[in-house]
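Residues per chain are reported as follows:
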Number of protein chains: 2
Amino acid sequence: MSELTIWTYDWVPPGPRGLVRDLRLRWACEEADLAYQMRTVPFDGRETNHLADQPFGQVPFLKDGAVEIFESGAGLLHLARRSDTLMPRDPAGAAQTEQWVIAALNSIEMVTVPWWFLKMTGQADNGLTGWMTGRLTHMERVLGERDWLVGGRFTVADLLMADVLRVPDVRAFGDRPATEAYVARVTGRAAFIKARAEQVAAFEAADQARG
Amino acid sequence: MSELTIWTYDWVPPGPRGLVRDLRLRWACEEADLAYQMRTVPFDGRETNHLADQPFGQVPFLKDGAVEIFESGAGLLHLARRSDTLMPRDPAGAAQTEQWVIAALNSIEMVTVPWWFLKMTGQADNGLTGWMTGRLTHMERVLGERDWLVGGRFTVADLLMADVLRVPDVRAFGDRPATEAYVARVTGRAAFIKARAEQVAAFEAADQARG
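The shown structure was predicted, so the numbers you read here are calculated from the model rather than taken from an experiment.

S.K.: Would you explain the domain arrangement of chain A in this entry?
M.R.: By a frequent convention, interface size equals the accessible area lost on bringing the separate parts together. Residue and element names in this part refer to chain A. Domain annotation for chain A reports domain 1 (5–85 + 191–210) and domain 2 (91–189). On a C-alpha basis, the centres of domain 1 and domain 2 stand 21 Å from each other. Those elements giving two or more residues to the side of domain 1 that touches domain 2 turn out to be α1 (22–32), α2 (72–80) and α7 (190–210). Considered class by class, the residues forming the side of domain 1 that touches domain 2 number 8 nonpolar, 1 polar and 2 charged.

S.K.: Any chance you could explain the pairing of strand β2 (residues 37–41) of chain A here in plain terms?
M.R.: Side-chain direction in a regular strand flips from residue to residue, so the side chains alternate between the two faces of the sheet. Residue and element names in this part refer to chain A. Where strand β1 (residues 5–9) and β2 come together, 5 bridges link them in parallel fashion. Paired with isoleucine 6 across the strands is methionine 38, a residue of β2. In the classification by handedness, the crossover that spans β1, the intervening α1 and the parallel β2 is right-handed.

S.K.: Can you walk me through unusual backbone geometry in this structure?
M.R.: The amide bond that connects valine 59 of chain A to the next residue, proline 60 of chain A, takes the cis arrangement and shows omega of 5 degrees. With respect to the secondary-structure elements, proline 60 of chain A resides in the loop between β2 and β3 (61–64). Phi is positive for aspartate 33 of chain A, close to 60 degrees, though the residue is something other than glycine. Here aspartate 33 of chain A is to be found in the loop between α1 and β2. A positive phi angle, near 80 degrees, is found at glutamate 71 of chain B, a position not held by glycine. Turning to its location among the elements, glutamate 71 of chain B is positioned in the loop between β4 (67–70) and α2 (72–81).

Definitions and cut-offs
Residues numbered from 1 in each chain as written. Chains lettered and ligands numbered in written order. Predicted model: local features only at pLDDT ≥ 70, side-chain atom pairs only at ≥ 80, totals over all residues. Domains from an automatic or database assignment. Helix = DSSP H or I, 4+ residues; strand = E, 2+ residues; numbered from the N terminus. Nonpolar A, V, L, I, M, F, W, Y, C, P; charged D, E, K, R; others polar. Pairing = 2+ DSSP bridges. Right-handed = clockwise from strand over helix to strand, strands pointing away.

The structure is reproduced here in structure tokens:
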């Protein structure tokens, strides 16, 4: 029997603990009650030590039988097809779920991650701030009209969108009550809390091994 | 009989002609020989005039029977499931295609578009240049090892990756012969040339209507 396996780093510094993207896949597996095992690649030398599995030197990547996938977004879509807990089965609902997964990656994260990257390198007020504010305003409107992105229920689109929106301080871009309530609602789920705790615990345990 | 319909703007200024993302969907339909019709929303007032169809005020979006999708990446995945010209049918090949579609959107375009955005606003040498150079170097290595991203044949992953890579001047980040050859190979396809010409012609024709 093939087993679903997810790879992450063997260790990361305290800063990114709870944020490394294997969390997205752990979380999806917990939501869908899919059995999985974790394996690791070394954090040291990550730029080149696993390029055959992840061509940008990042994590996560997964293997599930004959299927091998890097990109957390693609891994989420793969897992979603294994469980209707994560994605409705009707074509219109599935398409809407996929659409909001892509929106999280390409309309929101395409702005929030570079904005955050510039902030981390000392440019908190940078050339992306106006664009960022506009996108967050659009999402605030969307989330003010519904509790879940698709079909009145939790889907993998909410998992990803909330994971994207929990990183920046959205309040810094204006009052965002619907967005804050949405992030709190989605990240308050037991599956997120368990997945996050297990990622943090694994990295903390690795502190010992590094001595 | 339902008809596949793609929406774009009724007009855009000369600068973005040939770059508006309905081109991705036109191109995919041409590759797969899928019948489609084009419709438009007004460019003027685009920030608010079609938010029910595209919550960020952008284009394209499509309708195909009961399926309604915004996000060009999600539209491409939908079209790819209608034709094995665009995506292999075996699970491993389909997963690889989906993975590279997401990589184009979230590992490459997430850097190239913000970099380009900063450049357009007068910051050609900006805080994303190092990240951009690294990602393009990884893609150069990948494309030096194969002609097509998945399965030794053209897929929708090549369509999207080439469309992403044709926008920035990759040569400005160092010698990139494999990337340049790849973009030339993919955008040399008859379906791209036809789709691009038709988009440009439609926007040029709209100049007359605006007077």
